[in-house]
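So you can see what is in the structure, the chains are spelled out below.
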Amino acid sequence: MTDSIQNRGAARRLLVIYNPTAGGSRRRRFEAVLADLTDLGCPMDVRPTTGPGDAGHFAAEADAAEHDLIVAAGGDGTINEVVNGLVDLTEPRVRPPLAILPLGTANVLAAELGLQTVPRQIAEVIAGGAVRSVCLGQARGADGQVRIFSLMAGAGFDARVVDAVDLRLKRILGKGAYVVESLRQMCRRQPPPLRVTIDGRAYEAASVVVSNGRFYAGRFLLAPEARLDEPCLHACLFRYGDPFNTLRYAVALQRGNLPVSRGFKIVTGQDIRIEGEAGAPLQADGDIVTHIPVSIRSLPDALQMVTASGPGLA
Ligand SMILES: Nc1ncnc2c1ncn2[C@@H]1O[C@H](COP(=O)(O)OP(=O)(O)OP(=O)(O)O)[C@@H](O)[C@H]1O
């Protein structure tokens, strides 16, 4: 499939799955990219979503005979839905590769793939960027449902923040809403530690983020050795959960030195089990998808993606 799309010669035929509410509506960027794609000769069908779930259904219905590429236009949540629609583990069939048009607040996957927010650059990557295999993660939660993630899955502090963040405030403040919720969560009761088992070895942590890529919450460095095209998950273990250390971790993340901070450790692995207080939430790619206990594993070469030459690729 990769070769056929690159050797076809003709402009890529696109199916654009568009979340009009992403990032508090970045309509101008969206329209500028579509205009540039038209300039570059790409024929396209645009399918706007009307609510949660649509993006996944549109992706699952995509037909490689009609479209050469799916373009997920939205934030990391929309991209996650599209990825879950494209990767059907029970009934594998040929589906078009995925490109992204970042319109969200954090756009972590765009950062991994080396995409900027300049419309012309985004359009050029969609129209002509190389197609590569990337690895994904799979989380099976307490409800038995499988959810796929491209970036990360987290339990503990960050999942509680994602779970409780005020979505109306997010529309107004963007990332600032997460800062407000983080401060609120710091003042709340600290739950018992998580037990994280990585390829058979057990660890204890206040929080864990299982990362498939390098970045977190934008372009902040979390797991420097992680690469999307390598089949290995990086379990980032936060030993402490008290307010002082949580604040210290947040400052270190901002400064780029979290990976060498005291009480932070990265353990790589393929199979990861997270246990702890029953019913505690698990976030994947920035949305709550299930609850612990959860089993996570790496899915090698699970998806074809259009990329620039980003830092998140080996
Ligand atoms: N038309 C729609 N109306 C309301 N919600 C939608 C619609 N389409 C998709 N959604 C939901 O919006 C949620 C958030 O979307 P998305 O993550 O793309 O944007 P964002 O939250 O602004 O960006 P980021 O993830 O970078 O913070 C998704 O989980 C998706 O289910």
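These numbers come from a predicted model, not from an experiment.

A.B. asks: Lay out the overall build of the protein chain in plain terms, naming residues and giving numbers.
C.D. replies: When helices and strands are tallied, the protein chain shows 10 helices and 18 strands. By the compact-globule yardstick of 20 Å for 314 residues, the protein chain fits well, its C-alpha radius of gyration being 19 Å. By principal-axis analysis of the C-alpha atoms, the protein chain measures approximately 55 × 40 × 35 Å. When each of the 314 residues of the protein chain is scored for burial, the buried share is 45%.

A.B. asks: Outline unusual backbone geometry, listing residues and values.
C.D. replies: A cis amide bond links Ile 292 to the next residue, Pro 293, at an omega of 10°. With respect to the helices and strands, Pro 293 occurs in the loop between β17 (287-291) and β18 (294-307). Although it is not a glycine, Asn 107 sits at a positive phi angle of roughly 50°. Mapped onto the fold, Asn 107 is located in the loop between β4 (98-102) and α5 (108-112).

A.B. asks: So what about the site of the ligand? Which residues, and what values?
C.D. replies: Close contacts around the ligand come from 23 residues, with Pro 52, Gly 75, Gly 77, Thr 78 and Gly 104 the closest. Looking at the shell around the ligand, the elements that each hand over two or more residues are α3 (54-61) and α4 (76-86). At four residues, the largest contribution of residues to the shell around the ligand is made by α4. Residues of the shell around the ligand, tallied by class, amount to five nonpolar, 14 polar and four charged.

A.B. asks: A description of the confidence of the model for the protein chain should follow, citing residues and the corresponding values.
C.D. replies: Overall, the predicted model of the protein chain reaches an average pLDDT of 91, with 93% of residues at or above 70. Across the interfaces of the predicted complex, the ipTM metric reaches 0.95, alongside a pTM of 0.91.

A.B. asks: Pulling in residues and values, what's your account of the sheet that holds strand β7 (residues 152-155)?
C.D. replies: The strands making up a sheet associate through hydrogen bonds between their backbones, and the pairing can be parallel or antiparallel. Read across the open sheet, the six strands follow the order β14-β13-β10-β7-β16-β17; overall the sheet is antiparallel. Edge strands, defined here as strands with exactly one partner in the open sheet, are β14 (264-269) and β17. Taking the axes of each pair of neighbouring strands and ignoring which way they run, one obtains an average angle of 25° across the sheet. Direction of pairing for β7 relative to strand β10 (residues 207-211): antiparallel, over a ladder of four bridges. Looking at β10, one finds that Met 152 is bridged to Ser 211. Along the sheet, helix α7 (residues 157-164) contacts β7, β10, β16 (281-284) and β17; its crossing angle with β16, the most-contacted strand, is approximately 85°.

A.B. asks: Break down the domain arrangement of the protein chain for me, citing the residues and quoting the values.
C.D. replies: Here the protein chain is partitioned into domain 1 (2-128) and domain 2 (138-300). Each partner contributes residues to the interface: domain 1 has 15 residues there, and domain 2 has 21 residues. Mapped by element, the contributors of at least two residues to the side of domain 1 that touches domain 2 are α4 and α5. Sorting elements by how many residues they give to the side of domain 1 that touches domain 2 places α4 first, with six residues.

A.B. asks: Give me the nonpolar core: which residues, what numbers.
C.D. replies: Formed by 89 residues in total, the largest nonpolar core has its most connected members in Ile 17, Val 71 and Val 208. If we skip the residues at most four places from it in the chain, Val 71 touches Leu 14, Leu 15, Val 16, Ile 17, Ala 99, Ile 100, Leu 101 and Ile 126.

A.B. asks: Tell me about the pairing of strand β5 (residues 130-140), residues and numbers included.
C.D. replies: Pairing of β5 with β18 involves 10 bridges; the strand directions are antiparallel. Counterpart to Arg 140 in the pairing with β18 is Ser 295. Here four bridges tie β5 to strand β6 (residues 146-149), and the two strands are oriented antiparallel to one another. Within β6, the position partnered with Ala 139 by the bridge is Arg 147. The antiparallel pairing of β5 with β6 creates a hairpin that spans five residues between the two strands, and Gly 144 there sits at a positive phi of about 80°.

Rules of the game
Residues numbered from 1 in each chain as written. Predicted model: local features only at pLDDT ≥ 70, side-chain atom pairs only at ≥ 80, totals over all residues. Helix = DSSP H or I, 4+ residues; strand = E, 2+ residues; numbered from the N terminus. Rg over C-alpha atoms; globule rule 2.2 N^0.38 Å. Buried ≥ 20, exposed ≤ 12 C-beta atoms within 10 Å, placed from the backbone. Near = placed C-beta within 6 Å. Nonpolar A, V, L, I, M, F, W, Y, C, P; charged D, E, K, R; others polar. pLDDT = per-residue confidence, 0-100. Pairing = 2+ DSSP bridges. Axes fitted to C-alpha atoms, helices over the stretch in contact; angles between N-to-C directions. Contact = placed C-beta atoms within 7 Å. Domains from an automatic or database assignment. Core = buried A, V, L, I, M, F, W, Y, C linked by C-beta atoms within 7 Å.

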